[in-house]
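Here is how the chains run, residue by residue.
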Amino acid sequence: MNGTPTGHPQLDATLPGGGWPANAITEIVSPQWGMGELQLLLPLMRTITQQKRWILWVSPPYVPYAPALERAGIDMDYVVVIQPDDSCKDAFWGIEKALQTRACALVLAWMDWLPNAVIRRLQLAAETGHSPGFLFRHRHDDHSPAALRLHLHPSSRGVHVQVLKARGTHQHRRVHVNLRLH
């Protein structure tokens, strides 16, 4: 299985397949929002919007700051945001349907409350629609069905990314990724 390059060579060298797993759910666990989780995905988002493909953001903790995203090369004409005041059921439905369709190339969702049965269902939706999905969480669950699970640790020079789980390997590796944190 070949991965989609992350845009961070140190991370690509660590991940099985050399990048983000395609057609799969990736969980990114971090102790707080805004410590590099989006910077980690900027290269992927830039590539997708340059291809004129859609990205869905579900329940972001902050209003996406369009000028900064545009400076990073993200075409905001291809970004759709479902606001956090939508119901949990509507948010889940939106994530699942977006993953199942080939029209949406990437789903980003900030969801701590999803049980493993729901994550498994999202994993199947990602496989059906050939779309990657990223779940941002504070909570760490050893039994999550996500194909890839990463834990972010802040550092003075960027972010340490620890691979908690990755299909195709039993290694739990940590890599430093230099990100411009704002």
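Note that the structure is a prediction, hence the values are computed from the model and not measured.

> Please explain the overall build of the protein as it appears in this structure.
The helix and strand inventory of the protein stands at 5 helices and 8 strands. By the burial criterion, 52% of the 182 residues in the protein qualify as buried. Across the protein, every contact between residues at least 6 apart in sequence was considered, and the portion connecting residues at least 24 apart equals 65%.

> Would you explain unusual backbone geometry in this entry?
What you tend to see is this: most non-glycine residues have negative phi, and most peptide bonds are trans. Positive phi, normally seen in glycine, also occurs at Lys52, with a value near 60°. Summarising the element assignment, Lys52 is placed in the loop between helix H2 (37-50) and strand E2 (54-58).

> Where do I start with the pairing of strand E6 (residues 148-155) in this structure?
Residues in a regular strand project their side chains so that they alternate between the two faces of the sheet. Most of E6 is tucked away: 6 of the 8 residues are buried. Across 4 bridges, the pairing between strand E1 (residues 25-29) and E6 is parallel. Of the residues in E6, the one forming a bridge with Val29 is His151. If you look at the hairpin formed by E6 and strand E7 (residues 158-166), you'll find 2 residues sitting between the two strands.

> I'm lost on helix H4 (residues 88-100) in this one. Help?
With 13 residues, H4 should cover 18 Å at 1.5 Å per step; its first-to-last C-alpha distance of 18 Å lies within 8% of that length. Here H4 has its buried residues at Ala91, Phe92, Gly94, Ile95, Glu96, Ala98 and Leu99. Taken together, the buried residues of H4 touch E1, E2, strand E3 (79-82), strand E4 (104-110), helix H5 (116-129) and strand E5 (133-137).

> When you look at the pattern of salt bridges in this model, what are you seeing that I'm missing?
Between side chains of opposite charge, a pair can form when the charged atoms approach closely. Using the criterion set out here, one finds 3 salt bridges in the structure. Arg149 serves as the salt-bridge partner of Glu27, at 3.8 Å between the closest nitrogen and oxygen. You can see Glu27 sitting in strand E1 and its partner Arg149 sitting in strand E6, a full 122 residues away along the chain. Looking at Glu27, the relative accessible area reads 0%, which means it is buried. Here Arg149 falls in the buried class, since its relative accessible area comes to 2%. Put simply, Glu96 and Arg121 hold a salt bridge, and the shortest N to O gap is 2.8 Å. Taken together, the positions of Glu96 in helix H4 and Arg121 in helix H5 put the pair 25 residues apart, joining distant regions of the chain. Given the relative accessible area of 43%, Arg121 is considered partly exposed. Among the charged side chains, a network of salt bridges with common partners joins Glu27, Arg137 and Arg149.

> Just to check I follow, could you spell out the side chain of Asp12 for this structure?
With respect to the helices and strands, Asp12 occurs in helix H1 (residues 9-14). Buried within the structure, Asp12 lacks any salt-bridge partner; its nearest side chain of opposite charge belongs to Arg46, at an N-O separation of 11 Å. At 2.7 Å, the side chain of Asp12 and the side chain of Thr6 are in polar contact. With near-sequence residues (within four places) excluded, Asp12 lies in contact with Pro5, Thr6, Gly7, Gly18 and Gly19.

> Whenever I open this one, the confidence of the model for the protein confuses me. Can you help?
A low pLDDT means the predicted coordinates there should not be read in detail. When the pLDDT values of the protein are averaged, the result is 87; 90% of them are 70 or greater. Taking the mean pLDDT of every element in the protein, the minimum, 67, falls on strand E8 (residues 174-177) and the maximum, 96, on helix H3 (residues 66-71).

> Honestly, the packing of aromatic side chains in this entry has me stumped. Any pointers?
The geometry of an aromatic ring pair is captured by two quantities: the separation of the ring centres and the angle between the planes. Summed over the entire model, instances satisfying the criterion amount to 4 aromatic pairs. Centre to centre, the rings of Trp110 and Phe136 are 4.6 Å apart; their planes meet at 25°, and the pair counts as stacked. A residue pair is termed long-range when its members are at least 10 positions apart, and Trp110 in strand E4 and Phe136 in strand E5 qualify at 26 residues. Residue Trp110 shares its accessibility class with Phe136, and that shared class is buried. Taken together through their ring pairs, the aromatic side chains of Trp57, Trp110 and Phe136 make up a single cluster.

Reading the values: rules and limits
Residues numbered from 1 in each chain as written. Predicted model: local features only at pLDDT ≥ 70, side-chain atom pairs only at ≥ 80, totals over all residues. Heavy atoms only, no water. Helix = DSSP H or I, 4+ residues; strand = E, 2+ residues; numbered from the N terminus. Buried < 20%, exposed > 50% of the residue type's maximum accessible area, 1.4 Å probe, protein only. Contact = heavy atoms within 4.5 Å. Pairing = 2+ DSSP bridges. Expected span 1.5 Å × (residues − 1). Salt bridge = Lys/Arg side-chain N within 4 Å of Asp/Glu carboxyl O. Lys, Arg positive; Asp, Glu negative; His and termini not counted. Polar contact = N/O pair within 3.5 Å; in protein donor to acceptor, adjacent residues only side chain to side chain. pLDDT = per-residue confidence, 0-100. Phe/Tyr/Trp six-rings, centres within 6.5 Å; stacked < 30°, edge-to-face > 60°.

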